[in-house]
Amino acid sequence: MTNPSATDSSADPIVELDLRRHRYTIAVAGQVAGFTQFFDHDRQRVFFHTEIGKEYGGQGLGTRLIAEALDDVRAAGFRVVPICPFVKSYLDRHPQYGDLVDPVTPDLLARVGGA
């Protein structure tokens with residue numbers, strides 16, 4: 001028997017930018033499975049929180065979410081500031097995005113309550 005999720009394209013994860021809520025979401029079969037939040041500062045997109053639902057853990061959704069978000073940031077001509085530990089870890093493992101990264105500053109940390 002064929003696994004329906006293997007052939008059903010509606011089960012393919014979809015990453016979308018939600019500018020109104022300042023986040024990228026990843027949805028599986030129409031259900032939001034996770035998100036990464038940001039705020040924009042000048043031409044920087046400052047990522048400060050990423051979350052994947054427990055029921056979606058271990059499926060690589062966080063990795064896909066961040067990869068597609070970073071591709072969108074590049075296409076938009078923005079820079080990336082990785083306050084979020086998950087985003088920072090992803091960037092550490094994927095040097096092809098190194099040209100996008102700006103350092104975390106005390107001012108940006110203070111905006112998310114991290115200072």
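Throughout what follows, the structure given in this document is the object of discussion. (Residues numbered from 1 in each chain as written. Predicted model: local features only at pLDDT ≥ 70, side-chain atom pairs only at ≥ 80, totals over all residues. Heavy atoms only, no water.)

## So, the pairing of strand β2 (residues 23–28)
For β2, the buried fraction is high: six of the six residues fall into the buried class. Of the two faces of β2, both are covered, the one formed by R23, T25 and A27 as well as the one formed by Y24, I26 and V28. Pairing of strand β1 (residues 14–18) with β2, which is carried by five bridges, proceeds in the antiparallel orientation. Pairing of I14 across the sheet is with A27, part of β2. Between β1 and β2, which pair antiparallel one after the other, the connecting turn spans four residues, and H22 there sits at a positive phi close to 55°. Bridge count between β2 and strand β3 (residues 31–41): six bridges; the pairing is antiparallel. Residue pairing in the sheet places R23 in a bridge with Q37 of β3. (Buried < 20%, exposed > 50% of the residue type's maximum accessible area, 1.4 Å probe, protein only. Helix = DSSP H or I, 4+ residues; strand = E, 2+ residues; numbered from the N terminus. Pairing = 2+ DSSP bridges.)

## Topic: the packing of aromatic side chains
Going through the model one piece at a time under the given rule, you end up with five aromatic pairs. With a centroid separation of 6.1 Å and 25° between ring planes, the pair formed by Y24 and F47 is classed as stacked. Taken together, the residues Y24 in strand β2 and F47 in strand β4 (residues 44–52) connect sequence positions 23 residues apart. Given a relative accessible area of 2%, Y24 falls into the buried group. On the basis of relative accessible area, F47 is assigned to the buried category, the value being 1%. Look at F39 and F48: their rings are 6.1 Å apart centre to centre, the planes differ by 40°, and that puts the pair in the tilted class. You can call F39 buried: its relative accessible area is 11%. Here the aromatic cluster, defined as three or more aromatic residues joined through ring pairs, consists of Y24, F38 and F47. (Phe/Tyr/Trp six-rings, centres within 6.5 Å; stacked < 30°, edge-to-face > 60°.)

## Let's talk about the pattern of salt bridges
According to the stated counting rule, one finds six salt bridges in the structure shown. In this structure, the salt-bridge partner of D72 is R45, at a minimum N-O distance of 3.9 Å. Remark: R45 occurs in strand β4 and D72 occurs in helix α2 (residues 61–76); sequence separation between them is 27 residues. Accessibility expressed as a relative area gives 30% for D72, which makes it partly exposed. According to the relative accessible area criterion, R45 is buried, its value standing at 4%. (Salt bridge = Lys/Arg side-chain N within 4 Å of Asp/Glu carboxyl O.)

## Here we look at unusual backbone geometry
Of note in this structure, H22 is not a glycine but carries a positive phi near 55°. By secondary structure assignment, the location of H22 is in the loop between β1 and β2. Assessed through its relative accessible area of 40%, H22 is described here as partly exposed. Phi is positive for A29, close to 50°, though the residue is something other than glycine. Checked against the element boundaries, A29 lands in the loop between β2 and β3.

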